[in-house]
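# Coordinate analysis (summary)
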Number of protein chains: 2
Amino acid sequence: MDMLWSGWGDPAKAAPLPDTVIGLLRDLLGVTPLESGPASLDGIAVPESPLADDTWKALVDCVGDRVHVRIDGETRIRHTRGKSTPDLLRIRAGEVDDIPAAVVLPGSHDEVLAVLRACAEHGLAAVPFGGGTSVVGGLTPEAPRHGHFIALDLRRLDALIALDEVSRTATLQPGLRAPRAEALLNERGFTLGHFPQSYEWASIGGFAAARSSGQASAGYGRFDDMVLGLGVATPEGTLEIGRAPRSAAGPDLRQLILGSEGALGVITSVTVRVRPLPKTRIYEGWRFASFEAGAAALRKLAQDGPLPTVLRLSDETETFIGLAQPDRIGSTDAAPQAAGCMAIAGYEGTAEDTSDRRARAREVLLACGGEFVGEEPGERWAHGRYNAPYLRDALLDAGAFAETLETAAFWSALPGLYDAVRQALTSTLTEAGTPPLVMCHISHVYENGASLYFTVVSAQGEEPVAHWAPVKRAANDAILAAGGTISHHHGVGTDHREWFTQEIGPVGVRVLQAVKAELDPAGILNPGVLIPVR
Amino acid sequence: MDMLWSGWGDPAKAAPLPDTVIGLLRDLLGVTPLESGPASLDGIAVPESPLADDTWKALVDCVGDRVHVRIDGETRIRHTRGKSTPDLLRIRAGEVDDIPAAVVLPGSHDEVLAVLRACAEHGLAAVPFGGGTSVVGGLTPEAPRHGHFIALDLRRLDALIALDEVSRTATLQPGLRAPRAEALLNERGFTLGHFPQSYEWASIGGFAAARSSGQASAGYGRFDDMVLGLGVATPEGTLEIGRAPRSAAGPDLRQLILGSEGALGVITSVTVRVRPLPKTRIYEGWRFASFEAGAAALRKLAQDGPLPTVLRLSDETETFIGLAQPDRIGSTDAAPQAAGCMAIAGYEGTAEDTSDRRARAREVLLACGGEFVGEEPGERWAHGRYNAPYLRDALLDAGAFAETLETAAFWSALPGLYDAVRQALTSTLTEAGTPPLVMCHISHVYENGASLYFTVVSAQGEEPVAHWAPVKRAANDAILAAGGTISHHHGVGTDHREWFTQEIGPVGVRVLQAVKAELDPAGILNPGVLIPVR
């Protein structure tokens, strides 16, 4: 099934906001209903594919069949941009100026190599496309040397290639969507344990290319922690890396491909560590008096253990609004949960391990001032964990603006980072006449720091994309000034590139440009994404 | 104090082999006493420094004082090559053809930058020098474009720059030797937990540059796991990386500098995670009927926990010879320990944590067929853990050849790798007329694989360096053919470069060459180490 072209997920799961919420948005944020709804798919005027005949023919030769080189309008619209709120606002307005010239579906590593060579020869940029869930402009190349680009959709590369039960490793193809990968592993008694909010639609290759981090990262690790080997197709040939879990044989080239966002090569296989399917899953709620007190508890668990499998903490506003339970927003019985800051702790594993960790974590959480509020908030979180993007669609439909952004820093920098980003979002949106609701949670913890994930809701403003741009700039500036990284798990894309270059500095940028020039001398791979065009 | 110029460590700690061992070496391996002892430091004819006056003056200008540009023979001899057995054999024979033209001691990051610029200008290669403990030819540049090279000794950069007790991070200068770094952290209640065999002499910068792994890696992680930030001086400027524990902002450039062995830049600061100084340390011995049974137990702990802080397993031969307890070799009361395969499990942490992990690990080890043999073997291992390099000196003095090599692979490849490397070492040395004793242990475990560390002892042969070369080649070939990485923690240097290039393939080599060309366009940084000169 294809994802909703103009929003998120399964169109059948879309639901309008309850009237109570619409009322709240109006009273609290000044949100007014839109005068007109989004464009219809049929109504969008898609320019004819600009592919020259010989280029089209060359691409067909690479993939063996013309059905794998799609130039129809609907397929191309479905491969236009990603799923950030500005992306959605633009596609809902029928803007297709970023539309690919064609969507090419290779069926093997060698076909990917062939397509890349053909693109280099024909002056065509190529955007690797997995689940299409980028929220940082990762599918929007700037193509100064290339008038056109193709989307290189990897969905046909969707096999579990190998499972080594002794080493607990699996080799997966990049086009596997996460639920299918998980199902293939579950059949054999294993799990990847990677459950980001994009889980239902995102792909294995995308997880690797964008350094995804899942909601159970405290227990299973980030996706980049899981990756043991990579096969990569580049315009200059194949890179195969990862002969051991860890090695002292030079720089870890896996870590150069992870996070490369399609700009250095196309990931064609990913060898990951897998774990036995957990027998037990328990999620529970804890309430803290303040975000500071809750963060101290999370830090204690991250530094001295035991670490739950899932560990997250909403700030006061997010707790109050109940965004941690998106399916309950506006519900009248949310009130008892709405005081203080809600944390969710989850335990997955054997019955013995989960019970042991839970008991020991309970002592730590109590000692840190936490109040146990039962399993119900945990179960509710688990039930609604993939729903927030649907809620965003409903908010956009109702005339509100809703977007998320995230960062990470060392623990000692976290309070300052939290204040700075909230302040930047609140003051710029308020000055622009659309005072926002800003919510935040900690969703990933490490011994030495944690992530902060912000959600912003406001009225849309006259020109919502242009209205948001200076706000996003202010937030990004605040993140860097307060010592955070420009992204903990969304990635760089084109949206964060300017701040990414500040973060790694001019020498760091030159390193990446040099690698790109070596692997992609014609500059066809996702040009302008991640790495500034030299 | 300086290390013994012709061998390992503190000259006062050198001890000759007991007569019983000399007898065993003679009877078992045909080792015969050497006709002459090693060269004396005074007796080595050191060529005068070839530095031109203007070059010398330029270097003095960079570091502010002529005492920091040393051209005397003794200092230069002490910076000639590293500490592999071929390195020792050559320096003991008075061979100084690899001697640096000068030893330069910068006192700050900016002085390192200045020295690199001066080297580029004056056509002089530069070899970053920390503890000088490389065993892979990492201090032996091939300088096709540069007739001469300097050793860039970082010992003056020896401060603890910052300790963040909240985030549990410390920023260290690269020239800090490990015991001093540990002492500075211990004073503040923290530990790095990094205890490789080279601990007493190696430096923080060297650990990072060579991806060191310590004997307590199961508990504290590898050194590259600990690194959160890096400051790097390159001929093209400064690279400062690491704003958060983990990030999705592009490739992890820290992982490109880690393992770069001085070929991409000079590491001038290292931010590491630190942990509270453990209150309790317990080491104990377990005996297994076979290496296979012991390895299965280690795998069980690595995959399902609990993980001890130290976990290692000697094979039958190493257990029998007692090399796991170097100070007991040849001792008559070693016999009761000598059957089967000895494992050491160590627990460091709070009293509660160590006791809990120990109890749970005990159940696993018993279930896997282990026999608990008390704390004495563990304590003996801990007491002698840094002694093996001293033993090697004594073996060389006695006319024997002794060397180590190591690799890692995924668990399912480990048995084949073990057999292949043993076979390669045994057959080539036997064919060469010097049948060896080959011992092995697993010293680092991961969920998905482990390391293998081999020790070889044989007679020296007529020309010991030339005698060893084809044996080492055969072992390296066997490692790659059996699916291992060419190094788990020693690094690449010049000795492993040929196999490293096979391991990462031609595209991988081009990536590293492109990065080097960008950061070091004149090719002055450790030329030929790690990265083949393009």
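Computed from a predicted structure; not experimentally measured. (Residues numbered from 1 in each chain as written. Chains lettered and ligands numbered in written order. Predicted model: local features only at pLDDT ≥ 70, side-chain atom pairs only at ≥ 80, totals over all residues. Heavy atoms only, no water.)

### A closer look at the overall build of chain A
A count of helices and strands for chain A gives 18 helices and 19 strands. On C-alpha atoms alone, chain A measures out to a radius of gyration of 23 Å, which is about the 24 Å that the 2.2 N^0.38 rule sets for 534 residues. Taken along the three principal axes of its C-alpha coordinates, chain A extends 65 × 60 × 45 Å. Burial statistics for chain A: of 534 residues in total, 64% are counted as buried. Here chain A has roughly 18,400 Å² of accessible surface; of this, 52% comes from carbon and sulfur atoms. Here chain A carries 47 positive and 66 negative side-chain charges, and the mean point of each set is 4 Å from the other. (Helix = DSSP H or I, 4+ residues; strand = E, 2+ residues; numbered from the N terminus. Rg over C-alpha atoms; globule rule 2.2 N^0.38 Å. Buried < 20%, exposed > 50% of the residue type's maximum accessible area, 1.4 Å probe, protein only. Areas by Shrake-Rupley, 256 points an atom, 1.4 Å probe, with all protein chains shown as cover. Lys, Arg positive; Asp, Glu negative; His and termini not counted. Charge placed at Lys NZ, Arg CZ, Asp CG, Glu CD.)

### Overview of the sheet that holds strand E2 (residues 102–104) of chain A
All names here are of chain A. Taken in spatial order, the four strands line up as E1-E2-E4-E3 in an open sheet, and their pairing is mixed. Each of the sheet's edge strands pairs with one partner strand only, and the pair in question is strand E1 (69–70) and strand E3 (125–129). Relative to strand E4 (residues 149–153), E2 is paired through three bridges, and the arrangement is parallel. By the bridge assignment, Val104 is partnered in E4 with Leu152. (Pairing = 2+ DSSP bridges.)

### Focus on the environment of Tyr283 of chain A
Residue and element names in this part refer to chain A. Among the structural elements, Tyr283 can be located in strand E12 (residues 280–288). A residue is classified by how much of its surface remains accessible, and Tyr283, at 6% relative accessible area, is buried. A C-alpha to C-alpha distance of 41 Å links Tyr283 and Ala233, two positions 50 residues apart in sequence. For Tyr283, the contacting residues outside a window of four places in its chain are Val310, Ala345, Gly346, Glu348, Glu375, Gly378, Glu379, Trp381, Ala382 and Arg385. At a separation of 2.7 Å, a polar atom in the side chain of Tyr283 contacts the side chain of Glu348. (Contact = heavy atoms within 4.5 Å. Polar contact = N/O pair within 3.5 Å; in protein donor to acceptor, adjacent residues only side chain to side chain.)

### A look at the pattern of salt bridges
Summed over all chains, the structure comprises 76 salt bridges over all chains. One connected set of salt bridges, linked through shared partners, spans Arg81, Arg90, Glu95, Asp97 and Asp98 of chain A. (Salt bridge = Lys/Arg side-chain N within 4 Å of Asp/Glu carboxyl O.)

### Section: the relation of the copies chain A and chain B
Overlaying chain A with chain B gives an RMSD of 0.0 Å, the required rotation being 180 degrees about an axis along which the chain moves by 0.0 Å. Between the two chains, the operation in question is that of a two-fold axis. Comparing contact sets, 100% of the residues at the interface of chain A also lie at the interface in chain B, consistent with an isologous, same-surface contact. (Least-squares fit on C-alpha atoms with pLDDT ≥ 70 in both.)

### Notes on the side chain of Ser247 of chain B
Relative to the helices and strands, Ser247 of chain B is located in the loop between strand E9 (237–241) and helix H10 (254–257). You can call Ser247 of chain B buried: its relative accessible area is 17%. A polar atom in the side chain of Ser247 of chain B sits 2.8 Å from the backbone nitrogen of Ala249 of chain B. Excluding its chain neighbours within four sequence positions, the residues that come into contact with Ser247 of chain B are Arg211, Arg222, Asp224, Thr485, Ser487, His488 and Glu503 of chain A.

### Considering helix H15 (residues 388–397) of chain A
Residues and elements named next belong to chain A. Counting buried residues along H15, eight of its ten residues qualify, which places the element largely inside the surrounding structure. Of the residues making up H15, those classed as buried are Pro389, Tyr390, Leu391, Arg392, Asp393, Ala394, Leu395 and Leu396. Here the buried face of H15 lies against helix H1 (19–29), helix H4 (85–92), strand E16 (400–410) and strand E19 (449–459). In the segment just after H15, Gly399 is the residue with positive phi, at about 95 degrees.

### Quick look at the sheet that holds strand E9 (residues 237–241) of chain A
Residue and element names in this part refer to chain A. Spatially, E5-E6-E10-E8-E9 is the arrangement adopted by the five strands of the open sheet, whose pairing is antiparallel. Across the chains shown, the open sheet's two edge strands, defined by having one partner strand only, are strand E5 (160–164) and E9. Geometrically, the sheet is characterised by an average inter-axis angle of 10 degrees between neighbouring strands, direction not taken into account. Where E5 meets strand E6 (residues 169–172), four bridges bridge the pair, whose relative direction is antiparallel. Bridged to Leu163 within E6 is Ala170. Of the strands in this sheet, strand E8 (227–234), E9 and strand E10 (266–273) touch helix H5 (residues 109–122), which is tilted by about 40 degrees from E8. (Axes fitted to C-alpha atoms, helices over the stretch in contact; angles between N-to-C directions.)

### Notes on the interface of chain A and chain B
Residue-level contacts link 77 residues of chain A with 77 residues of chain B. For the pair chain A and chain B, the summed buried surface comes to about 6,300 Å²; carbon and sulfur atoms form 55% of the total. The interface formed by chain A and chain B contains 16 salt bridges. Linking Arg275 of chain A and Glu447 of chain B is a salt bridge whose minimum nitrogen-to-oxygen distance equals 2.6 Å. Counting the contacts that link chain A with chain B gives 50 residue pairs in polar contact (both at pLDDT 80 or more). When residues in the side of chain A that touches chain B are grouped by element, the largest group, twelve residues, is from helix H18 (residues 497–519) of chain A. Classifying every residue of the side of chain A that touches chain B gives 31 nonpolar, 23 polar and 23 charged. (Buried area = accessible area lost by both parts, 1.4 Å probe. Nonpolar A, V, L, I, M, F, W, Y, C, P; charged D, E, K, R; others polar.)

### Digging into the packing of helix H2 (residues 53–63) of chain A against H5 of chain A
Residue and element names in this part refer to chain A. Where H2 meets H5, the closest approach of the two axes is 8 Å, and the angle between their N-to-C directions is 165 degrees. Accordingly, the angle class assigned to the pair H2 and H5 is roughly antiparallel. For the pair H2 and H5, the sense of crossing is right-handed. Counted together, Asp54, Thr55, Ala58, Leu59, Cys62 and Val63 of H2 and Glu111, Ala114, Val115, Ala118, Cys119 and His122 of H5 form the full contact between these two elements. In terms of residue class, the contact of H2 with H5 is built from eight nonpolar, two polar and two charged. (Parallel < 35°, antiparallel > 145°, perpendicular 65-115°, else oblique. Left-handed = near helix turned anticlockwise from the far one by under 90°.)

### With respect to the packing of H18 of chain A against helix H18 (residues 497–519) of chain B
Running from N to C, H18 of chain A and H18 of chain B cross one another at 140 degrees; their axes reach a closest spacing of 8 Å. When the axis of H18 of chain A is compared with that of H18 of chain B, the two are oblique. The element H18 of chain A and its partner H18 of chain B pack so that their crossing is right-handed. Counted together, Val507, Arg510, Val511, Ala514, Val515, Glu518 and Leu519 of chain A of H18 of chain A and Val507, Arg510, Val511, Ala514, Val515, Glu518 and Leu519 of chain B of H18 of chain B form the full contact between these two elements. Per-class residue counts for the contact of H18 of chain A with H18 of chain B are ten nonpolar, no polar and four charged.

### Some details on the confidence of the model for chain A
Caution applies to low-pLDDT regions: their predicted coordinates should not be interpreted in detail. When pLDDT is averaged across chain A, the result is 95; 96% of the residues are at 70 or more. The ipTM value of the predicted complex is 0.97, and its pTM value is 0.97. (pLDDT = per-residue confidence, 0-100.)

### Brief notes about the packing of aromatic side chains
Applying the stated criterion to the full structure yields 16 aromatic pairs over all chains. Here the aromatic rings of Phe401 of chain A and Trp468 of chain A are separated by 4.8 Å at their centres, their planes lie at 35 degrees, and the arrangement is tilted. With Phe401 of chain A in strand E16 and Trp468 of chain A in helix H17 (residues 464–481), the pair connects residues that are 67 residues apart, well separated along the chain. Judged on exposure class, the residue Phe401 of chain A and its partner Trp468 of chain A are both buried. Taken together through their ring pairs, the aromatic side chains of Phe195, Tyr199 and Tyr386 of chain A make up a single cluster. Taking NZ or CZ as reference, Arg362 of chain B lies 5.0 Å from the ring centre of Phe372 of chain B, over its face. (Phe/Tyr/Trp six-rings, centres within 6.5 Å; stacked < 30°, edge-to-face > 60°. Lys NZ or Arg CZ within 6 Å of the ring centre and 35° of its normal.)

### Digging into the environment of Ala249 of chain A
Inspection of the secondary structure puts Ala249 of chain A in the loop between E9 and helix H10 (254–257). On the basis of relative accessibility, which here comes to 7%, the residue Ala249 of chain A falls in the buried class. Discounting chain neighbours no more than four positions away, the residues touching Ala249 of chain A are Thr485, Ile486, Ser487, Val492, Phe500 and Glu503 of chain B.

### Overview of the pairing of strand E16 (residues 400–410) of chain B
Sheet analysis places E16 of chain B next to strand E18 (residues 449–459) of chain B, joined by eleven bridges and oriented antiparallel. Among the inter-strand pairings, Ala402 of chain B is bridged to a residue of E18 of chain B, identified as Val457 of chain B.

### As for the state of the cysteines
All names here are of chain B. This model, assessed by the stated rule, comprises zero disulfides over all chains. Looking at the unpaired Cys440, the closest cysteine sulfur is the one in Cys341, lying at 9.9 Å. Note on Cys440: relative accessible area 0%, which makes it buried. (Disulfide = S-S within 2.5 Å.)

### A word on unusual backbone geometry
A cis geometry characterises the amide bond from Gly305 of chain A onward to Pro306 of chain A, with omega recorded as -5 degrees. Looking at the element boundaries, Pro306 of chain A is found in the loop between helix H11 (291–304) and strand E13 (310–314). Of note in the backbone geometry, Glu261 of chain B takes a positive phi value of approximately 50 degrees without being a glycine. If you trace the backbone, Glu261 of chain B turns up in the loop between H10 and strand E10 (266–273). Under the relative-accessibility criterion, Glu261 of chain B is labelled buried at 10%.

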